[in-house]
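# Per-entry structural report
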Amino acid sequence: MTQDKSVLIVSDRPDRVRLLARAITTIVPCRSVLGDQSVPAILPVVAVIDLDPRDGVAAAWVVRLLALHVPCLVLTNAPAHVPDKANPALRVTAADTPRPTILSLLFSLIDAGQKLRTRHARETAALEGKAHRACSVVAALFHAAQTDRPVSSEEADAGTDVILEAVSEGGIRAWLDVIGRYDELLYQHSLSVAGFAAAFGFHLKIPRADRKRLAKAALLHDIGKSKIPLSILNKPGALTSNEMAIMRTHAASGADMLARQEGFDASMLDVVRHHHEMLDGSGYPAGLSGDAIPDLVRLVTICDIHSALTERRAYRKPLPHAEAHAIMLGMTGKLDMPLLRAFQPIVRQSSHGDALV
């Protein structure tokens, strides 16, 4: 999306739009949209949200615009329903605030927005650097596995540290935005699952050593796909039964590969081998069920399925995060439901880019 220097008014009340626009356009250009419309492709420099926040539409606009780094001024007599009020790019004032005060607030937001965008540009550049380093590590690990060379545990550690740092500093949404630009879907998936695992570990407040083990296991969970023919990995349609049988060898072959080397403990090998097991015994490769599936495996399985559903594929578009989570909530008996419900805050953090699109 691009940005111009206009102010956007989001309102369902034409009379108020005319009054606000008349005051604003004496200083800066102004345009307006209704509350049920989408965010314009050309973003404004600041937005005025003049909607009743109690129906959720105003909140959705605020969440979406702030995620796009557009400062918002919300005019409302129900401020309790406005999300993220601590955000420096957000101001909330009464609906009957005098227009000179509204103009003053708008100008302060324009200034604040410029500072935030400058800071965001610096943070994005730093995050892109971390993502590039992590992607280089994943590429090296998969290339080593593909060519029957040792998969370096030290390299995997280095890549994991970068991901943990990036997700801690920028959050899962920013991480997904950056890695979503990569063309190599296999590497992107490994980075995505590791990012979700890192975010999940932070949310669960598990000790740092366990967070690193979780994220490292997630980063390596599909290493066995290095041995799967590209014609199967990148097939744009459904796999045949024979192709599916070949695809399903990746879990065991990846674990066997790492087991022949040093630096990968039993819990990590369990993740690589069993991340496609289901609690009802319907998964593979061993058909494990119930308590036979370790907690670390259950965590990565949730991250893996959510990531797969929300990534683009040659044969389908990515699902919105909330829709993917709803599908997974329907997998009762297969997934660990308490853990899946604990994953919901990560879904919300990832979903900011889904609103109103």
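Our structure is the block above this text.
A few points on the structure. (Residues numbered from 1 in each chain as written. Predicted model: local features only at pLDDT ≥ 70, side-chain atom pairs only at ≥ 80, totals over all residues. Heavy atoms only, no water.)

Our focus in this paragraph is the sheet that holds strand 5 (residues 46-50). One open sheet accounts for 5 strands, arranged 3-2-5-6-7; its pairing is parallel. Strands with a single pairing partner mark the edges of an open sheet, and in this sheet they are strand 3 (30-33) and strand 7 (90-93). Within the sheet, the average angular offset between the axes of one strand and its neighbour, ignoring direction, is 20°. As judged from the 4 bridges shared by strand 2 (residues 7-11) and strand 3, these two strands associate in the parallel manner. Looking across to strand 3, one finds that Val10 is bridged to Val33. Against the sheet, helix 1 (residues 14-24) engages strand 2, strand 3, strand 5 and strand 6 (72-75), with an angle of about 165° to strand 2. In the packing of helix 3 (residues 99-146) onto the sheet, contacts are made with strand 2, strand 5, strand 6 and strand 7, and the angle to strand 6 comes to roughly 155°. (Pairing = 2+ DSSP bridges. Helix = DSSP H or I, 4+ residues; strand = E, 2+ residues; numbered from the N terminus. Axes fitted to C-alpha atoms, helices over the stretch in contact; angles between N-to-C directions. Contact = heavy atoms within 4.5 Å.)

Taken as a whole, this structure holds 1 cavity of 30 Å³ or more when the rule is applied. The space that makes up the largest cavity amounts to roughly 60 Å³. Every residue along the wall of the largest cavity is listed here: Glu277, Leu279, Ile293, Val297, Arg298, Thr301, Ile302, Lys334, Leu335 and Asp336. Here the residues of the lining of the largest cavity are counted per class, giving 5 nonpolar, 1 polar and 4 charged. (1 Å grid on protein atoms, 1.4 Å probe; cavity = no way out; pocket = protein on both sides within 12 Å on 5 of 7 lines; lining within 4 Å. Points joined across faces, edges and corners; volume = space filled by probe spheres on them. Nonpolar A, V, L, I, M, F, W, Y, C, P; charged D, E, K, R; others polar.)

Bringing the packing of helix 6 (residues 208-220) against helix 11 (residues 295-310) into the picture now. Pairs of packed helices are described in terms of their axes, by the angle between the two and the distance that separates them. Orientation of helix 6 relative to helix 11, taken along the N-to-C sense of each, is 55°, at an axis distance of 10 Å. In this view, helix 6 runs oblique relative to helix 11, as classed from their interaxial angle. The element helix 6 and its partner helix 11 pack so that their crossing is right-handed. Contact residues: helix 6 offers Arg213, Leu214 and Ala218, while helix 11 offers Leu296, Leu299 and Val300. Looking at the contact of helix 6 with helix 11, its residues break down into 5 nonpolar, no polar and 1 charged. (Parallel < 35°, antiparallel > 145°, perpendicular 65-115°, else oblique. Left-handed = near helix turned anticlockwise from the far one by under 90°.)

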